[in-house]
Amino acid sequence: MKNRNLIAQKEEAIRMVIAEHSTNLKKAIDKRMKEMDSDNNGHYLVYGALGIPEDEHPLIDKYQNIGRFVYKYAGALLEKSAQIALGGEVIYLENTISSQPKRFEIDCYTKWDNKAHEIKWRDATTDGDHKNKEYNKIKCIIKNELIPVRVMFFMPERTQARRIQKQIISIFEDHGEAHIGEEAFEYVKDYSGINLKLLLQNEFRRNML
C-alpha cells in the first residue's frame, strides 16, 4: 500500500509539472507574440529575395520563436517528470577533467543504487564541443565512482546528430547504462512503477478534446 501511495503521489506531482509547464509555455509565447507586433520587419526583404512568398514572411518568425519555446519547455518537462519518477536529486560534481565548466550538473542522482542519471528529451546537437563536454562529464562521473546512466526519450532525426548521439550512447553503455527511445519510458516504468508515457498520452488526449 505504501508503494502504491508513493506512486500516486509522484503521478500527481508529474501532472502538476505538466500543467505548470503548459501554462508557462503559453505565457512565454503570448509575451513574445506581443513583442513581435512592434518588431522592425525590414529583414523580410531578404526573405523575399530568397524567393519566400510574402504572406509567409511573418509566419517564419512566428513559428521560429514558438518552436524555440516549445523545445525548451518540452525538455524541461520530461527532465523534471523523469526526476520525480526516479526519485533522485540534482547534484553537482567538480570538474577535475577539463577547464570548463567548473562543475557538472547531474540531472538525477539516486543514492541507493549510486546511479548518475543524465536525462535528455531529444538531444539534437551536432556541435563537437558539446560532444567533448559529454565525454568529460562521463569521465567525471566514473572518477567519482558513480554509475553513468543516459535516459533519452527521443533520438534526433538528422544524420549528423544521430551519429554524435550514438557515439555518446556507446560511452554510457561501456561504463554504465543507456536507455533510449521506448526503452527510456520502459526504464522509468520498471524503475519507479510510473508509466510516464501513459501520463503524457492522457494529457495529450485531454488537450485534443
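Residues numbered from 1 in each chain as written. Predicted model: local features only at pLDDT ≥ 70, side-chain atom pairs only at ≥ 80, totals over all residues. Heavy atoms only, no water.

S.K.: Got a minute to help me understand the sheet that holds strand 5 (residues 177-180) in this structure?
M.R.: Where strands meet in a sheet, backbone hydrogen bonds hold them as pairs that are either parallel or antiparallel. If you walk across this open sheet you meet the five strands as 1-2-3-4-5, and the pairing is mixed. Of all the strands in the sheet, just strand 1 (89-94) and strand 5 have a single pairing partner and so form its edges. Neighbour-to-neighbour, the strand axes of this sheet turn through a mean angle of 35°, independent of strand direction. Both strand 1 and strand 2 (residues 103-110) contribute to a ladder of five bridges, which runs antiparallel. Within the sheet, the bridge partner assigned to Glu89 lies in strand 2 and is Tyr109. Contacting strand 3 (115-120), strand 4 (147-152) and strand 5, helix 5 (residues 159-175) crosses the sheet at an angle of about 140° to strand 4. Strands strand 2, strand 3, strand 4 and strand 5 of the sheet are contacted by helix 6 (residues 182-192), whose axis makes an angle of about 115° with strand 5. (Pairing = 2+ DSSP bridges. Helix = DSSP H or I, 4+ residues; strand = E, 2+ residues; numbered from the N terminus. Axes fitted to C-alpha atoms, helices over the stretch in contact; angles between N-to-C directions. Contact = heavy atoms within 4.5 Å.)

S.K.: It is not clear to me how helix 6 should be interpreted in this structure. Could you clarify?
M.R.: Side chains that are three or four residues apart share a direction in an α-helix, a result of its 3.6 residues per turn. When helix 6 is considered as a whole, its buried residues turn out to be Ala184, Phe185, Tyr187, Val188 and Ser192. Down the axis of helix 6, the smallest arc covering the buried residues is 155°, so these residues share one side. Count one or two residues on from helix 6 and you reach Gly193, which has phi positive near 85°. (Buried < 20%, exposed > 50% of the residue type's maximum accessible area, 1.4 Å probe, protein only. Arc of directions from axis to C-beta.)

S.K.: How should I be thinking about the packing of aromatic side chains in this particular structure?
M.R.: What describes a pair of aromatic rings is the distance from one ring centre to the other and the angle between the planes of the rings. Counted under the stated rule, the structure contains six aromatic pairs. Plain terms: the ring middles of Tyr71 and Trp121 are 5.4 Å apart, the flat faces sit at 75° to each other, and that makes the pair edge-to-face. Of this pair, Tyr71 sits in helix 3 (residues 57-86) while Trp121 sits in the loop between strand 3 and helix 4 (128-143), and the two are 50 residues apart along the sequence. Above the face of the Phe185 ring, Lys197 is positioned so that its terminal group lies 5.8 Å from the ring centre. (Phe/Tyr/Trp six-rings, centres within 6.5 Å; stacked < 30°, edge-to-face > 60°. Lys NZ or Arg CZ within 6 Å of the ring centre and 35° of its normal.)

Structural measurements only, silent on function.
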